[in-house]
Amino acid sequence: MSDEAMAAATGKAGADWFELLDAAGAAEWTHPQIARWLHDEQGVPGWWSQAVTVGFEQARGRRAPGQRADGTFEVSASRTFPLEQEAALDAVIGAVSASLGRPASESRAARYQTARWALPQNVSLLATANPTNAGRTSVSLTHQRLADAAALAPAKATMQQWLATASSGAARGLG
């Protein structure tokens, strides 16, 4: 995210937040403590308190890009489909299932429809369909709980291929 976007949403750019966090002693705090302090004491909106916290942790060498608070890694890829939500998710499920089999779970009742695949070593793949406008849907794939940073680039490339395959199939009327 840009400093401009952060400043517009929170009133301060990243460096200003990091200086304030350093002065407060946040380098010794846990992730939840930092996010809670930003939210409760500084009035930073929920999502932005998480974004500032992650940025601070990365800037101070406590977290690598793509690393979650639990030490695992996560990477995402997304694509917008010229389809309604259910059809877009079905197209992506079809493309991913050709490699991984059917998803372990699906949720069609929520605003953001999802499908999840359980993979070896507690890794999972989550597909989330987010309706945008004019009958279009953004679908993101997220590989969760990857063991290390070396797994990020191959996982992202695979997800981008699945999304391209789903998009190609949808364009041919297969989605």
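Shown above is the structure to which this text applies.
Residues numbered from 1 in each chain as written. Predicted model: local features only at pLDDT ≥ 70, side-chain atom pairs only at ≥ 80, totals over all residues. Heavy atoms only, no water.

## Focus on the pairing of strand β5 (residues 137-146)
Okay, step 1: Of all ten residues in β5, eight are buried; the element is thus mostly enclosed.
Okay, step 2: Alignment of strand β1 (residues 73-81) against β5, held across eight bridges, turns out to be antiparallel. Residue S78 lies in a different strand from β5, and its bridge partner there is S140.
Okay, step 3: In the sheet, strand β4 (residues 124-131) pairs with β5 via eight bridges, with the strands oriented antiparallel. Across the sheet, residue A127 finds its bridge partner in β5, namely L141.
Okay, step 4: Hairpin geometry of β4 and β5 is characterised by an intervening segment of five residues between the two adjacent antiparallel strands and by a positive phi of about 50 degrees at A134. (Buried < 20%, exposed > 50% of the residue type's maximum accessible area, 1.4 Å probe, protein only. Helix = DSSP H or I, 4+ residues; strand = E, 2+ residues; numbered from the N terminus. Pairing = 2+ DSSP bridges.)

## Some words on the packing of aromatic side chains
Okay, step 1: Throughout the structure, instances matching the rule amount to three aromatic pairs.
Okay, step 2: Taken together, a centroid distance of 5.6 Å and an interplanar angle of 65 degrees make the contact between W29 and W37 edge-to-face.
Okay, step 3: The exposure class assigned to W37 is buried, which follows from its relative accessible area of 19%.
Okay, step 4: Ring centres of W47 and W48 lie 4.9 Å apart, and the angle between their planes is 85 degrees; on these two criteria the pair is classed as edge-to-face.
Okay, step 5: Exposure remark for W47: the relative accessible area of 57% places this residue in the exposed category.
Okay, step 6: The ring centre of W17 lies 5.0 Å from the NZ or CZ of K12, which sits over that ring. (Phe/Tyr/Trp six-rings, centres within 6.5 Å; stacked < 30°, edge-to-face > 60°. Lys NZ or Arg CZ within 6 Å of the ring centre and 35° of its normal.)

## A word on the packing of helix α2 (residues 14-24) against helix α3 (residues 31-42)
Okay, step 1: In contact at an axis separation of 12 Å, α2 and α3 are set at 105 degrees when each is read in the N-to-C sense. One element, α2, and the other, α3, form an angle in the roughly perpendicular class. Contact residues: α2 offers W17, L20, L21 and A24, while α3 offers I34, W37, L38 and Q42.
Okay, step 2: Per-class residue counts for the contact of α2 with α3 are seven nonpolar, one polar and no charged. (Axes fitted to C-alpha atoms, helices over the stretch in contact; angles between N-to-C directions. Parallel < 35°, antiparallel > 145°, perpendicular 65-115°, else oblique. Contact = heavy atoms within 4.5 Å. Nonpolar A, V, L, I, M, F, W, Y, C, P; charged D, E, K, R; others polar.)

## Brief notes about a negative patch on the surface
Okay, step 1: A contiguous patch of negative charge on the surface is contributed by D3, E4, D16 and E19.
Okay, step 2: Elements with a minimum of two residues in the negative patch: α1 (3-10) and α2.
Okay, step 3: Residue placement: D3 occurs in helix α1.
Okay, step 4: Residue D3 is classed as partly exposed on the basis of its relative accessible area of 41%. (Patch = residues over 30% accessible without salt bridge, like charges linked within 9 Å, V, L, I, M, F, W, Y side chains within 5 Å. Areas by Shrake-Rupley, 256 points an atom, 1.4 Å probe, with all protein chains shown as cover. Salt bridge = Lys/Arg side-chain N within 4 Å of Asp/Glu carboxyl O. Lys, Arg positive; Asp, Glu negative; His and termini not counted. Charge placed at Lys NZ, Arg CZ, Asp CG, Glu CD.)

Everything listed here is a matter of geometry and, on its own, says nothing about what the molecule does.
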